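Summary of the model geometry
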Amino acid sequence: MSTSDPVKFVAGRSLWQDAFRRLLRNRMAVVGAIVTLLLACIAIFAEWVVPVDPTYQELHHRFGVPGQVHDTTPERLFLVEGERTSFPPLRYRGKGTRHFRFLVQQRIATGVHVHLSARSKKVRKIQLTRIDSLPESVERIEVRGDREVFRHGKGEEEVTVLDKEIVLGEKLDDVFLPLLSRASRGRQKLVLNQVVRAETNQTLTFDLESDQTVRGLRIDNQTVATYDLVGRLVQEVRRDGKPFQHRHLLGQDMHGRDLFSRLVFGARISFLIGVVATLVSLFIGVFYGAVAGWVGGRVDSFMMRVVDILYGIPYMFLVIILMTSFGRDVRVMFIALGAVQWLTMARIVRGQVLSLKEKEYIEAARASGGGGFWILTRHLIPNTLGVIAVYTTLTIPSVILQESFLSFLGLSPEWQGQPLESWGALTWNGIQALGTGQNWWLLVFPAMTLAITLFSMNFLGDGLRDAFDPQMKGRT
Amino acid sequence: MNPEKSSPLLRVRGLKKHFPVHEGLFRRQTEWVRAVDGVSFDLYSGTTLGLVGESGCGKSTLARLILRLLEPTEGQVEFEGVDVSGVSMREFRSVRKDMQIVFQDPHASLDPRMTVESIISEPLRIFGLNQRKERRWRVLELMDLVGLDPAFLKRYPHEFSGGQRQRIGIARALALEPKMIVCDEPVSALDVSIQSQILNLLEELQERLGLTYLFIAHDLAVVRHISDIVAVMYLGRIVEMATASKLYESPQHPYTQALLSAVPIPDPEIERKRKRILLEGALPSPRQFHPGCSFASRCPVVDASCRSTPQTLREVTESHRVACHLVKTS
Amino acid sequence: MARYLFRRILFLPLVLLVLLTASFFLMRAAPGDPFANERGRDPEIQKNLKAKYHLDKPLWVQYGIFLKNLLQGDLGLSTKYKDRTVNEIVAGHLPPSVLLGVIALLLALVVGVATGTVAAVRQNTVFDYSTMAVAMVGISAPTFVVGPLLVLVFAYYLHWFPITGWGSWHELILPAVTLALPFTARISRLMRTGMLEIIRQEFIKTARAKGLTETRIVLRHAIRGALLPVISYLGPATAEIMTGSLVVEKIFQVPGIGYEFVNSALNRDYSLVLGLVAVFGTLLVFMNLLVDIVYGLLDPRIRYE
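Below: a short report on this structure. (Residues numbered from 1 in each chain as written. Chains lettered and ligands numbered in written order. Predicted model: local features only at pLDDT ≥ 70, side-chain atom pairs only at ≥ 80, totals over all residues. Heavy atoms only, no water.)

Description of the side chain of S270 of chain A
All names here are of chain A. Along the chain, S270 turns up in helix α4 (residues 259-295). Judged by relative accessible area, which is 0%, S270 ranks as buried. Apart from the residues within four sequence positions on either side, S270 is in contact with I400, E403, S422 and W423. (Helix = DSSP H or I, 4+ residues; strand = E, 2+ residues; numbered from the N terminus. Buried < 20%, exposed > 50% of the residue type's maximum accessible area, 1.4 Å probe, protein only. Contact = heavy atoms within 4.5 Å.)

Examining the interface of chain C and chain A
Contacts between the two partners involve 39 residues from chain C and, on the opposite side, 38 residues from chain A. With both chains or domains summed, chain C and chain A bury close to 3500 Å², and 85% of this area falls on carbon and sulfur atoms. On the chain C side of the contact with chain A, L26, F144 and K250 of chain C bury the most area, a combined 17% of that side's loss. Joining chain C to chain A, the criterion identifies 0 salt bridges. Elements supplying a minimum of two residues to the side of chain C that touches chain A: α1 (2-29), α5 (126-140), α6 (143-157), α8 (215-252), α9 (257-266) and α10 (270-298) of chain C. If one sorts the elements of the side of chain C that touches chain A by residue count, α1 of chain C sits on top with 10 residues. (Buried area = accessible area lost by both parts, 1.4 Å probe. Salt bridge = Lys/Arg side-chain N within 4 Å of Asp/Glu carboxyl O.)

So, the sheet that holds strand β3 (residues 48-52) of chain B
Residue and element names in this part refer to chain B. Judged by pairing direction, the sheet is mixed, and its 8 strands sit side by side in the order β6-β7-β8-β3-β9-β10-β12-β11 without closing on themselves. The sheet terminates laterally at β6 (99-102) and β11 (314-317), the two strands that pair on one side only. Going from strand to strand, the sheet's axes swing by 25° on average, the running direction of each strand aside. Note that strand β10 (residues 237-243) and strand β12 (residues 320-322) share 3 bridges and pair antiparallel. Residue M241 lies in a different strand from β12, and its bridge partner there is R321. (Pairing = 2+ DSSP bridges. Axes fitted to C-alpha atoms, helices over the stretch in contact; angles between N-to-C directions.)

Let's talk about the packing of aromatic side chains
Taken as a whole, this structure holds 13 aromatic pairs over all chains when the rule is applied. Following the ring pairs from residue to residue traces out a cluster consisting of F317 of chain A together with F261 and F280 of chain C. Taking the ring centre of W374 of chain A as reference, the NZ or CZ of R378 of chain A above it sits at 4.3 Å. (Phe/Tyr/Trp six-rings, centres within 6.5 Å; stacked < 30°, edge-to-face > 60°. Lys NZ or Arg CZ within 6 Å of the ring centre and 35° of its normal.)

Here's the deal with the interface of chain B and chain A
Each partner contributes residues to the interface: chain B has 40 residues there, and chain A has 34 residues. Taken together, both faces of the contact between chain B and chain A bury some 3400 Å²; the carbon and sulfur share is 58%. For the pair chain B and chain A, the number of links is 1 salt bridge. With a shortest N-O distance of 2.6 Å, R64 of chain B and E363 of chain A are connected by a salt bridge.

Right, dumping it as structure tokens:
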């Protein structure tokens, strides 16, 4: 070939492509793959998928039936004297700002100027806004410039309406704040319809005192405002002050939390545990199996005997002991569950390495001058990857199942003291809350989600295994 | 047909390979498997030495010993006058280029995950020769040499037929321009019609490139066609070695005779008159140690002394050696 | 046969030993001791308590004592229920679990073998497909999901069975069925696969030999052959049943050793946990040995080894 031939090279079909095609033909496996991918996406993008903050408790709507849509009405904070409550770290809504609105009534002497200062650096401004959605007993009759007339149970009142932003440190000397109710005996009640903006990751704490009296407001433990007042009603609102609407597709639990949202975040937890524990088992198993297969001989027999012995143990018992002894930190669980699964992986890898070792193309590579490292990286590893991938896909659902099992028994994993609510934990909650059978959705939906996920992953794994079956290599 | 050089390209002396056998609960070593039990021969440049024998007689092990894919238990291998069996692997590496191998199984000898291009160019890559473009040139050259359509460069082994895969294997063996190629039953796994194609290819390449072959097979007809000298192996030892024509026309060793009697001759008249020598008994286990002739248990003309007297290859006529003390020297 | 059994007898107690050792050291490795929660006792009593439970001695010594007592059948004293020995507790809770387990196993065997056989005989019919589909569900769906769902349907809505409780036959059924389900499914599938293989072979052979195939003889032979993998599956199945019982006993409030195990683990009651592990392990070894013997008797290859 002395001249350059403009030859067109026919593209070949690698074994991966072959296997992929075969996989596509297996309908159940394809369905399984789609479902799994979908769930994985949901788990990753949980924040954006979720309609409602899963930790948001709506105590008015305990045990909400599936399919409800409602305004989030002002909630009363059910609290005991002296207790403090806080809203959890505001991490769930993507954009980073949340608005809370509460009516605060403050007694002040008539005509006194009011101070409102922001003492926390994190609060950049406090907005006094119009009252747009009013309590039922109050009605806006007329607007006259910057004054509005309200009618309420005790008559009519004309008040100044303010829409003002107050910057940090500014003193409000000459503000008359809108009033909603009459003063009594020379002291006026000042009602602030206060909308507070808090940035992500802040903790809003309403300091309460007996019978739900809001005394103070703290953001990240810095006191922002203190009140001497009566009045409560805290409500999360949209930016314009209007209340949200919550759609509860799958119902609500004992604390009024949306089940769908909890399931979505449960997906994240379950998948996370599944993947990490599988990775742990992968590292141990692949290394162990590869060494055993590669070295062979007595070392191999010994290593495999160990595996055989360990195989005979009912693992869950040890895991339970482990978790009860060392605490329920999620990292313990990663290791415990990974330690259960590595045996199978080791066996598989060892088998593959053994059979590969005898293959003539390995000898050919050596005859071509390839050393151990070359053969390892160029031949052994690529040919083992297929098998590893298949069994990884089958291990993940197994781990998820085991984790659910443990959660069910009360050993759900924790992170920094907070329980991580995986599907298993949710199922357990469902059983606890079953009562006399009327709260069926709390059990059925988590259970079904779990079952469907496991199904799908198992079908996918089985399909992959068939697709990579060496007997079918080369055939379409 | 005659040796062109006075010193052989490859010289094997007393090569032995014994595998230890581990048995029992603790894998104690109980016995040895004598796969190759003292083999010696010379191979001259440009010629083909055919090696025949039943399955399990040690031919493939011998092939691997020569290429140092296995380490010999005893014995020596000399290539171009240099001892290559005792040196370190690093030193041996430079000799690797000169001796290559073609395998029997066209399926297992090619990595299913590599393209044809990768497979053939692998030796080139390992030895650090050539840039990618040069490598590709060389690969296309080789493909042309073995009769493969260059358009298939990017294809994968499973997309080829058995015969084509063997061509790929041959191309790979030729990549480093070796002087000697060990062919380990290269056509045994192929259809009969394809066998002749590949054999012709091998012969053609030998002439064009001046190659030396060690051709291993169990099919006598195939070996006869391609070899200059033929050696017959039984249980790890060479029992007869002669030029092809002499061996086939007048086999001396009882084993060779039995083998040849089983090969059908296309002339029905002669075929009818021939007597088949049937061997009694089964192939003895290579674990057993035979102080005398290893063939004694099945030999139709065995006598008392056969089992105890060690047999060596003696020259009975010119360039015809036999390891049987019952054969008279002329 | 003898050699085969010998190997198994060596192997199985080794498994038990590993299990016990691992449990022992895992529990002890954790920080704290079981009496830490009980404040208000003066140090003298604490010391006595520790001595009583051998907790003051070095770890290896404790291990040795544990093993020694174990071999004599003494499982020690419970650290939570101070007036009872572990033996007593175990003896009290053992019968329900054994009963449950045995019933579940029998149920699984009978139903599994029956459905598998019929499915194989009526291959590719509606019965076959539906049975195998149900089997797939049985294998994939976890016990603790199926259990409560069954409770929901059969106890709450249909009111056929009581929800929890243990004592009468009526209360036995739901837990046994829940526990047996995955094994029934697996046995059914094993049976079917095994039989299909054998039937095909046999029909090919005899179809040529005779004009008529004697279905009854073939079936009997096929059933016998297909039973082998089922029997050998019973070994690992026992371990799985034990694990499953932890869940089932919790759901149905069955006062068995599974239930006790979880509680005692949560309570860090060392001796009870270890005692229960020992019991579980022994049962497991016993079952496995039994299975091996039966398998050895049935499989002609081993019988005549």
